Every structure is written in structure tokens, then in C-alpha cells.
Amino acid sequence: MNFFYWLSFALLSFTVVGSISFEPLLAADDFIEFVDDLLNEWNTPGGLGIALVRQSNGATSNWSIETKGFGNATRFGDKVSPQTQFAIASNSKLFVVLTVGMALEHQKIKYPLGWKTKICTLLPAWCTLHERVKYPLYTEGHLRDLEYVSREATIEDLMSHRTGWPRKSFSNRNAGHESAYRYSMDLNVILSDYLPNLKRSASFRETWQYNNIPYMILPEIASIIWNTGEPFVRLVEKHIFQPLGMEHTTYEYRVARNDALADGFTRLVQLPRLSSGSRAGLPKNAWVSFTKGEAKTWPFWDQSENPEEDIEVGPGGVIMSMEDSAIWLQTLLLNGKHPKTGIQVIPANVVERAATGLTVGSARGMYPELSPIVYGGGQRMASYRGHAFIEHGGGNPGFLTQIIRFPDQGFGVAVFSNDDVVGQVLYDTVKWKIVDTVLGLEQIDWNTRFLTFTHLASLLRFCLHRMKETKTQALSDRLPRTPRPTSPNLPSPLSALEGHYMNPSYGTILLCLVPSSFPPCKSLVSSIDRLLPGVFPSNSDLPSMVFEKDSVLLSHVKLAHFDGALWNASSWRSVEDVAIEGKRWPVRPLGEESEDGFIAEFEFEEQRDESQRPMSMDARHVKGFGLRGVWGAGPGVASPVGENVVERSEVWFLKM
């Protein structure tokens, strides 16, 4: 019985592989017209790089390989070509997992190490995370859980995003980036301050919560296991890039800058507003406003001169050309073999382990054709219209990328975009177009789906803005802001809220009124119009505050008073204009009052009435403030609740 089962399975697999289309696709006139029309319809200032590889009947050396570019690679009008390089962002994570796995294979004779090896045995500082909590943010249950993580967390726990820590992202653009962590952080700071004091949103191994921090730690684990004294980036170059001949893939910005690195584009978008601060009525084609904002070029997001010491390289540091993406897809489809020589560059069991599900990334498919998703290590596994695939996406400022493969059918697709506003729509539309064609399936009009979804999302936002919400509802995470009361209750004196606040994970901040007479705030406030033009209008009577963040993807957080102790918060990044020397522009999607904003709430030393509303707010006795709607927890994970601000905050800043 087992023999016939596996025989039938093998025959089925052979038949499926043999049935895929091998007709040239990317250079076909109708495909070129399709992509050109798509780029025009979504008004992208950038372009797309596409790679398609197809393996003939399982033969190692018989491949159909296509690479092609569309649209603009740079602000000067240079076109995307197969040689164009893109930042592949979180598609870098797979290189981390594979390098760790190769190290485990290399050392397995000497040391009893494996995927279930505890981090504590490799990194002693991990063992005492629970002893480094600086002040009581945790309940006893959370502290016990943190101690358990310190003792029991394994390599596969870190790579599968089940540690219990949320994403902790203040940034609303490129959601998912842990933009709250600091530029100045290194591994020692992560282990001594950041992780121990990061408020946890779930118990250890309870749920999947995407998080970049473990992928800053795993490169160090790889170096420790290899035990050669080489930094992580050199290990990847030595054991993966160079053996595979991926000559235009690098961790070094300065190398790519002198090669064929694309510019990353974004759009400055401001929807019309009513005088009350609510968004004005949306046009019939709301997405047009979204896609026709002023095009801007991002300075490259990580210009580190020394990637060997850059903690960003693990979760998102690889820069890759389209030609190399084809080599990479072939290697993955061959379970680690060199596509030309057949030499086993990466052990097959390591490639397979990365693509073995450990956590449930999504319990439901987003569309009827898609199954639920499981996550392994830098890889997501699901099925599309009954066909199993392995994929991952990536997003950095200016870049959005997708790498997907169908092992049973022997083909893979990479689509890279240098437009961080509509790049995901572009790569998904093109990706599924190619997949449908190769598999010989009836074509689904994904572009119309995404256009319809965008229309409905815009309509929903408009309806939510027009709803009469209560002040309590304004506390709901990531909902549009309610109109400010006509006679709001203000803390007094407001100037007493200014000063230094501290959170052990995020460091010390200086909170300033705009304008301000507080001497320590002079430098920040005097430069705010230059750094964030238009964000703090001089003719506004709305009390506003600001603090700077030494972080990867944001530079400032603005607080705009709502009522009482509540302030609407928004994150911003002051970006250097690469086209105009000395000019800067502020980045935030859909303006200050978007649904991606969050809440700041101050805590005072005072009595509360039965409804828990402050009876008085003497700002001279402020304890601190908390933020809600910022931590990017996993699916279905609720915000914390509690009787005071400290307990119900996702991030708490203590007044110093």
C-alpha cells in the first residue's frame, strides 16, 4: 500500500512539473503591455525588476531563466534592468537562518548543537534577561514568563517569531519595522536594556509575532557556532554569495552605490481636510489621491560604512540584483545545490528546515485562493489554488520585494519594486499573473481586486471619520481621530509637562511644547520648521508637543492635545531631499490624523472619580505618559488593560 501511495504521488508530481508552461513570458508583447499599463495605472515613479526560473522535469541543468526590468530605476530616468540592484529587506532573513543551519551542520561532529539548542547555552547574557528589568512594568506572570524565555528559548524560537515580544513600531510607514529601536543600539544594549524592559504582548510560544530583533541576535549565534572569528556578513559571503557566483549581491551600501543600485521612491500624500481637522470628503476615485502624491527619492535607508558591526544586516541588509535573484531561486528549488555545477552549497536539510512550519502566521487565507500560512525560518508556507508555495516579502524605505517558489512544479518568481507606496500591489499583481500563466490556470484580475479593495478602504476611512464616536472610542488603537471637544480640559500648567522622560528600552527623551520657553528645548523647537516643514503650523492654537527619537525609521513624535490627559500622537521622519541641497521633507502616510496614529496618555498624582476621569490635572505632579497603538502585536493580540496608565500602556515613559 505504501509503495503504491508513494508511486502515485511521484507520478502526480512528475505530471504536474511536466505540465507547466515553458513559453517565454517576460519578453512577450502582451506581458510587457500588461506591466507597462499597470505601472501607469498606479502612477509609480519607480519600476519593477522581475525574475522567472523554470526547471524542466526535475533536471538539474535544464532551466528556463528570464529576467527583465520595467520602469525607472533612478530619479534620473535610468531604466530597471536585470543588473539593477534592490534592497530586498526582510528577504534577507533567510540568509540568517541558512547560515546558522550551515554552522550547525559544520560543527555537529564536535558539538551536540541543533535547532533546539537553547540561546542561553550560546549567549550567556541571554540567561539573565529577567534580572535586568529596570522598573516594575511587568506583572508577576510576565516576569515568570520572561524568566522562562531566558532559560528555555531556542534557535528555532527566535527564527519563527514566537518569543512573546511584539514588533514595537512607532512608525506608520512600512508597517512592521521595529523603528522604535535606537540607531545607537548594539547587541549588548539589546540584551542589557532593550529586550529585558520591552513590554511583552504574549506569553512565550503562545503566538506568532513578527519581530526583527531576534534576527539581530541570530547573526551573532551563527558566528559563535562557526567559531572562526569571522563576522556574520563575511560568513554569508564566504559560504553562500561567492560559491553561488552571486557577484551583485552584497551587504555593503558603498559597493552597491558604485554598481547599479536603484533609488527608492515614495510619495508625499495629503488628503484634503475640513477646518475641524477631520478629513474632507474623498473624491470618487480616492486611490488617485493616494497614488498621485508628490514623488520623492529616499536616501538609502542604511548607509553604514561597516556592515560587520551593523545590527540591521540580519533582518534586512541584503542588496541583490535581478540576475542574482534568479540564481538564488534556482538554488532554493534545488535544495541548496549550485544550479550549474550541481555542487551542494547549502545542505539540503538546512533549506528544508527553514521551510518547515513552526508557527501559524495567519490562521485564515486573505483571499479564497490562498490557504492559511505557517512560518518556519525566514520563510512562509501556504498554498495558492491548491499548489504549495514557499515565499517571503520584504519592505524598507523605498523598496518592497517578493520571492516565491513552487517546489512541486519546479519554478520560482522574484518581483522587486522601488516604490514603497504601491509596491506591494505591483509585485502581488505581477507575481500572481506569472503564477497563473505558468500553471496554466484561468487568469484572476488581481489588479481590479486591489483597486476595488483600495476604493473600499478609502470609503471605510471616510465613513469612520464621519461617525459620531465617544471620547472613550478615541482610545481604540489605530482608529481615526474624533473631533476635538469644543471646550477641552487642559492639564495646567502645560509647561510643567516639558522635560526629560525615560524608558529603559527606548532611552531618554526630551518632551517639548511647540513653541516653548523651556531652555533645554530651545535647540529642538527652533529647528522644527526646517526639519518638519508644515507639521507644526505657526497659526494653529492646538497645544502640541514633540520629542526626538534616535531610531532607524523615525526622527520625531508629535503629540497634539485631544482632551484631558489624552493626546493624539503621530510619528514622523525628517528626510533629506536628495534633489535639493539643504531641504528636508516630513514623511508620514495620509497626514497627521490618519488611522495609523496612536494615543498618548499622561498620568498624574491625583484622585479620580467613579468613571476614572481625572478630577484635576496638576501638570506639576505628572508621573509620566504612556503610548498605545504602537507595539504591533501579533494577530488577535489585544492591547494591555489596567486601572492606571502604566498598566494599560504599551510603552511607558517615566518623568525624570
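Here the structure is a predicted model, which means the values were calculated and not measured.

Peer 1: Is there a simple way to explain the packing of helix α2 (residues 29-41) against helix α15 (residues 423-439) in this structure?
Peer 2: Think of two packed helices as two axes; the pair is described by the angle between the axes and how far apart they sit. Following both chains from N to C, one finds α2 and α15 inclined at 160°, their axes separated by 11 Å at the closest point. Taken together, the axis directions place α2 and α15 in an arrangement best described as roughly antiparallel. Helix-helix and strand crossings are classified by hand; for α2 and α15 the assignment is right-handed. In this structure, α2 contributes F31, F34, V35, L38 and L39 to the contact, and α15 contributes L426, T429, V430, K433 and I434. Class assignment of the residues belonging to the contact of α2 with α15 gives a composition of 8 nonpolar, 1 polar and 1 charged.

Peer 1: In this structure, what is going on with the confidence of the model for the chain? I would like to understand it.
Peer 2: As a general rule, the predicted coordinates of low-pLDDT regions are not to be interpreted in detail. Averaged over all residues, the pLDDT of the chain is 83; the fraction at 70 or higher stands at 82%. Segment residues 1-18 is flagged for pLDDT under 50; beyond a separation of four residues in sequence, or across chains, it makes 10 contacts in the model. This stretch, residues 458-481, has a pLDDT under 50; its non-local contacts, to residues over four places away or in other chains, come to 51 contacts.

Peer 1: Explanation requested: the state of the cysteines in the structure shown.
Peer 2: Two cysteines whose sulfur atoms are joined by a covalent bond form what is called a disulfide. Summed over all chains, the structure comprises 2 disulfides. Each sulfur in the disulfide pair C120 and C127 lies 1.8 Å from the other. Because the sign of the S-S torsion sets the handedness, a value of about 115° for the bond joining C120 and C127 places this disulfide among the right-handed ones. Residue classification places C120 among the partly exposed residues on the basis of a relative accessible area of 21%. Put simply, C512 and C521 are joined by a disulfide, and their sulfur atoms are 2.0 Å apart. Measuring handedness by torsion sign, the sulfur bridge of C512 and C521 sits at about -85° and is left-handed. The exposure class of C521 is buried, given its relative accessible area of 0%.

Peer 1: Looking at this model, I keep getting lost on the side chain of T117. Mind explaining?
Peer 2: Inspection of the secondary structure puts T117 in the loop between α3 (93-107) and α4 (119-122). A polar contact is formed between the side chain of T117 and the backbone nitrogen of G114, at a distance of 2.7 Å. In contact with T117, other than residues within four places in its own chain, are P112, L122, A153, T154 and I155.

Peer 1: What is the right way to read the packing of aromatic side chains from this model?
Peer 2: Note on aromatic pairs: each is described by the distance of the centres and the angle between the planes. Per the counting criterion, the structure on display carries 34 aromatic pairs. Seen in terms of ring centroids, F406 and F411 are 4.9 Å apart; in terms of plane orientation they differ by 5°. Their pairing is stacked. Side by side, F406 and F411 carry an identical accessibility label, which is buried. Cluster of aromatic residues (ring-pair linked, three or more members): Y194, Y501, Y506, F547, W567, F602, F604, F625 and F653. The ring of F70 is capped by K68, whose NZ or CZ atom sits 5.5 Å from the centre of that ring. Against the face of W446 rests R449, its NZ or CZ located 4.6 Å from the ring centre.

Conventions and cut-offs
Residues numbered from 1 in each chain as written. Predicted model: local features only at pLDDT ≥ 70, side-chain atom pairs only at ≥ 80, totals over all residues. Heavy atoms only, no water. Axes fitted to C-alpha atoms, helices over the stretch in contact; angles between N-to-C directions. Helix = DSSP H or I, 4+ residues; strand = E, 2+ residues; numbered from the N terminus. Parallel < 35°, antiparallel > 145°, perpendicular 65-115°, else oblique. Left-handed = near helix turned anticlockwise from the far one by under 90°. Contact = heavy atoms within 4.5 Å. Nonpolar A, V, L, I, M, F, W, Y, C, P; charged D, E, K, R; others polar. pLDDT = per-residue confidence, 0-100. Disulfide = S-S within 2.5 Å. Buried < 20%, exposed > 50% of the residue type's maximum accessible area, 1.4 Å probe, protein only. Polar contact = N/O pair within 3.5 Å; in protein donor to acceptor, adjacent residues only side chain to side chain. Phe/Tyr/Trp six-rings, centres within 6.5 Å; stacked < 30°, edge-to-face > 60°. Lys NZ or Arg CZ within 6 Å of the ring centre and 35° of its normal.

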